[in-house]
Amino acid sequence: MNMQKKQLMPKWFYQMASPKWCYKITGKLLPLFSCTGLALLLLGTVWALLYAPEDYQQGNSFRIIYIHVPSAILAQSIYVTMALAGAVGIIWKMKIADMVAYACAPVGASMAFLALITGAIWGKPTWGSWWVWDARLTSMLILLFLYFGVMALYAAMGKPSRAARATAILSLVGLVNIPIIKYSVEWWNTLHQPATFSLTEKPAMPVQMWLPLLVMVLGFYCFFATAMMLRLRNEILSREKRTNWVKELVTKV
Amino acid sequence: MTPKRKNRLMLVLFVILGGVVAVGLGLYAIDKGVGISVFYSPQQIADGEAPAATRIRAGGMVQQGSVKRDPNSLQVEFVLTDFKQNLTVIYKGILPDLFREGQGVVAQGQLDKQGVFQAVEVLAKHDEKYMPPEVADALEKAGVDADGQQLENNAGQEVSQ
């Protein structure tokens with residue numbers, strides 16, 4: 001291949017395309033992310049439950065925000081990751097990118113599910129209803145169904161390369177849902193309140209409340225990285241099982 | 001980039017763009033048709049934007065000092081306001097924890113002939129602001145209401161919309 005002349009992406013991008021190299025580097029990154037994630041989640045949970053102040057209106061029940069918001073953020077971030085990996089898989093025909101997209105889907109689905117469940121549990125005492133068909137809740141439910149659709153489509157197709165292509169196109173079409181989730185609370189009247197956090201404004205929450213939330217969000221990201229890499233490494237081994245390096249690796253143990 | 005990859009990149013961008021256009025037009029049509037918003041404001045109801053003689057949701061603030069409870073039953077009467085129009089709401093049932101004067105609520109029900117909103121369900125809509133009780137107390141003592149300046153900002157936004 002003569003792509004040495006015009007390389008659009010940095011060098012590591014092309015190195016990642018090698019399953020063997022990818023397996024090696026994720027093996028090195030894995031302990032880093034799992035340990036940091038575990039530490040952050042422990043710290044964040046203890047801080048959020050014991051030391052963060054309660055809310056003046058909702059009392060202690062507002063503490064569910066420390067699970068609800070990180071899982072909702074992650075559900076959307078993982079979806080974008082999955083769609084982008086799918087796009088890279090289509091454009092560069094990169095097997096590793098297909099596998100990343102495949103590894104993302106169930107993790108993202110569980111995050112979307114967690115966000116919906118914690119939202120319902122929170123909604124009952126504060127709003128007075130488990131579920132309301134407002135734009136924010138509905139678009140989040142569609143995100144969960146998109147994840148299910150991607151997983152089902154992948155499982156229904158036989159050949160991994162064809163399955164990856166089909167699911168990548170589905171997840172790229174579904175990408176339109178992400179800005180709808182984000183702006184639903186601004187475009188339409190919803191029962192769900194607007195975002196407490198934005199990149200441009202001061203958070204509508206004092207620092208002793210949002211700092212543990214930030215810790216939880218970072219912890220959730222590390223958890224996702226860990227879970228995704230574990231699934232990715234499994235997938236690499238099972239797809240490359242006929243190659244010499246995998247045979248060597250397996251027989252060595 | 002090889003021409004082949006460029007083609008595939010174009011395909012990907014086309015798929016995304018097509019999705020955005022299709023969903024955007026669809027949402028626009030639904031919003032113009034039945035409406036995506038979960039509730040109507042008192043202003044919209046006064047303007048006749050909300051369908052009459054059917055169950056709708058009305059949302060706004062509970063006006064300060066407007067809540068009247070019937071001592072013998074669960075019936076409660078309050079005024080829903082968006083700082084432009086007022087709507088009297090009558091509801092019989094248990095109110096959510098966050099229901100109080102100055103709080104945003106969404107009521108589901110129907111307008112009767114007198115223009116009174118007969119609610120069958122009242123949901124509390126809370127805002128995006130959180131603070132510890134001590135801070136809320138301090139603000140109250142300082143002579144500002146619990147939302148501080150934010151409340152005035154909100155009121156300003158409501159009027160300017």
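Here, the structure is the one placed above.
First, a word on what this report is: a plain description of the structure on this page.

Right, let's get into the overall build of chain B. The helix and strand tally for chain B stands at four helices and six strands. When the helices and strands of chain B are read in sequence order from the N terminus, they spell out α-α-β-β-β-β-β-β-α-α. Every one of the 161 residues in chain B was classed for burial, and the buried ones make up 22%. Summarising the internal contacts of chain B: among those between residues at least 6 apart in sequence, 43% fall at separations of at least 24.

Moving on to the interface of chain B and chain A. When the parts of a complex come together, some accessible area is lost, and that lost area is often used as the size of the interface. Each partner contributes to the interface: chain B provides 34 residues, whereas chain A provides 37 residues. Going through the elements one at a time, α1 (3-33), β6 (117-125) and α3 (133-141) of chain B are the ones with two or more residues in the side of chain B that touches chain A.

Residue and element names in this part refer to chain A. Relative to the elements of secondary structure, K95 occurs in helix α4 (residues 95-126). The class for K95 is buried, based on 20 C-beta atoms found within 10 Å. Between the C-alpha atom of K95 and that of I236, which follows or precedes it by 141 residues, the distance is 9.3 Å.

So, about the packing of helix α3 (residues 65-92) of chain A against α4(A). Residues and elements named next belong to chain A. With their axes 7 Å apart at the nearest point, α3 and α4 run at an angle of 160° to one another. Here α3 lies roughly antiparallel to α4, going by the angle between them. Seen from above, α3 lies across α4 with left-handed handedness. Residue composition of the contact of α3 with α4, by class: 21 nonpolar, eight polar and one charged.

With that settled, the discussion passes to the packing of helix α2 (residues 19-51) of chain A against helix α8 (residues 207-239) of chain A. All names here are of chain A. Interaxial distance between α2 and α8 falls to 7 Å at its minimum, and their mutual angle equals 150°. The angle between α2 and α8 falls in the class roughly antiparallel. Note on packing geometry: the crossing formed by α2 with α8 is left-handed. The class makeup of the residues in the contact of α2 with α8 is 21 nonpolar, seven polar and one charged.

Reading the values: rules and limits
Residues numbered from 1 in each chain as written. Chains lettered and ligands numbered in written order. Predicted model: local features only at pLDDT ≥ 70, side-chain atom pairs only at ≥ 80, totals over all residues. Helix = DSSP H or I, 4+ residues; strand = E, 2+ residues; numbered from the N terminus. Buried ≥ 20, exposed ≤ 12 C-beta atoms within 10 Å, placed from the backbone. Contact = placed C-beta atoms within 7 Å. Axes fitted to C-alpha atoms, helices over the stretch in contact; angles between N-to-C directions. Parallel < 35°, antiparallel > 145°, perpendicular 65-115°, else oblique. Left-handed = near helix turned anticlockwise from the far one by under 90°. Nonpolar A, V, L, I, M, F, W, Y, C, P; charged D, E, K, R; others polar.

On their own, these measurements won't tell you what the molecule is for.
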